[in-house]
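Chain by chain, the residues run as shown.
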Amino acid sequence: MTKLNNSLKVPKGYKSPLGIKETEIAIKQIKDFFESALAYELNLTRVSAPLFVEPETGTNDNLNGIERPVSFDVKGVGGKQVEIVHSLAKWKRMALHRYGFNRGEGIYTDMNAIRRDEDLDNIHSIYVDQWDWELVISKEERKSSALKEIVEKIYRVFKRTEDEVCKLYPSFKKSLPDNIFFITTQELEDRFPSFSPKEREDAIAKEKGAVFIMEIGDKLLSGTKHDGRAPDYDDWILNGDIIFWYPVLEMALELSSMGIRVDEAALVKQLKIAKAEDKKELTFHRMLLNKELPYTVGGGIGQSRICMFFLEKAHIGEVQASIWPQDMIKKCEEADILLL
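These numbers were taken from a predicted model, which means no experiment stands behind them.

Reading guide: rules and limits
Residues numbered from 1 in each chain as written. Predicted model: local features only at pLDDT ≥ 70, side-chain atom pairs only at ≥ 80, totals over all residues. Heavy atoms only, no water. Disulfide = S-S within 2.5 Å. Salt bridge = Lys/Arg side-chain N within 4 Å of Asp/Glu carboxyl O. Helix = DSSP H or I, 4+ residues; strand = E, 2+ residues; numbered from the N terminus. Buried < 20%, exposed > 50% of the residue type's maximum accessible area, 1.4 Å probe, protein only. Core = buried A, V, L, I, M, F, W, Y, C linked by side-chain atoms within 4.5 Å. Contact = heavy atoms within 4.5 Å.

Q: Could you clarify how one ought to interpret the state of the cysteines in this entry?
A: Here is the idea: a disulfide is a covalent bond, and it sits between the sulfur atoms of two cysteines. Tallied over the full model, the rule gives zero disulfides. The thiol of cysteine 166 is not disulfide-bonded; the next cysteine sulfur, from cysteine 307, is found 14 Å away. Free of any disulfide, cysteine 332 has its nearest cysteine sulfur in cysteine 307, 18 Å distant.

Okay, structure coming up:
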């Protein structure tokens, strides 16, 4: 494995298993199969979703709290400023309330976003495409056992998709284990105390093949965070990431971030920790504190990332069209990495 320009990894002797035309056909097949299987497994209805939202509603996802949303003014509504979504984590909960969905029912949508501050490399692009999904649960279901059950359902979708890809393209080999492994961020730190969070993910993913790393957002006993999470959608003790070991790049690959969403108590606690208590005055947060919104679990599943994983691609630009630095484009051409 060669790393160039501190951002691009080039696997030794890399050759894309499929050409560009075949890749485009396979992308459609994977997305259609996965989407249908996910909707069936979680009882989800497809809905339309916004590309941009009004910032004063509080429905945009602040991610780690430092990423700048792309914003612009709209002539037709008096020059009002709107923001391109980072994700639809909070919008979906509002939609479930407005559309009258009941416990055990949910929604999913195609979410497209622009993340202008993303550091570009083999797996990160400024263009984000994912399935955003959200499911209504009861307050009693706000526990780790319920979260694990949902993760296992989603993992079954991944396994079925792997079977389908290998049936359509016999040259691809199955790599996912029978079951997904669960571990908390604190257990991971205890297991690999001298490693960085990324090194811990690589180590556990290589060992287990498929893992769900739980409890992301708050500080660990070491005083550091495993990773950042906005304080106003996931409950930091009831969330996690689905991560697979990716042999092509010899690294852990995150396919999904998800979790049980905050209730009133968790919202107040996490806003205080994040020093973001001013958000309580935004529409979404007022509705949540007034118990007007349903209790939910939800997340996002990267469309390009699952295509990259199942098609054994070295660069996410092989399965989506985006913008890359000129030196990266040149190095990809030299390495037979065929960017779209």
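Q: Is there a simple way to think about the pattern of salt bridges in this case?
A: Under the criterion given, the structure shown has 29 salt bridges. Between aspartate 336 and lysine 15 there is a salt bridge, with the nearest N and O atoms lying 3.1 Å from each other. Note that aspartate 336 is positioned in the segment after α9 (326–334) and lysine 15 in the loop between β2 (8–10) and α1 (20–42), a separation of 321 residues in sequence. According to the relative accessible area criterion, lysine 15 is exposed, its value standing at 59%. In this structure, the salt-bridge partner of glutamate 141 is arginine 103, at a minimum N-O distance of 3.1 Å. Placement of glutamate 141 in the loop between β8 (127–137) and α3 (144–168) and of arginine 103 in the loop between α2 (89–99) and β7 (106–114) is noted, with a sequence separation of 38 residues between them. Note on glutamate 141: relative accessible area 22%, which makes it partly exposed. In the salt-bridge network here, residues are joined through shared partners; they are Lys92, Asp132, Glu134, Asp227, Arg229, Asp234, Asp241 and Arg261.

Q: Help me out: how do you make sense of the nonpolar core in this one?
A: Ranked by size, the top nonpolar core spans 64 residues in total, and within it Trp133, Ile154, Phe158 and Ile306 carry the most contacts. Element by element, the count of residues in this core is highest for α3, at nine residues. Setting aside its immediate chain neighbours within four residues, isoleucine 154 contacts Leu38, Leu42, Trp133, Ile242, Met258 and Ile301. Listed in part, the 13 residues of the second largest apolar core include Val85, Leu88, Ala95 and Leu96.

Treat this as a map of the structure, not an account of what it does.
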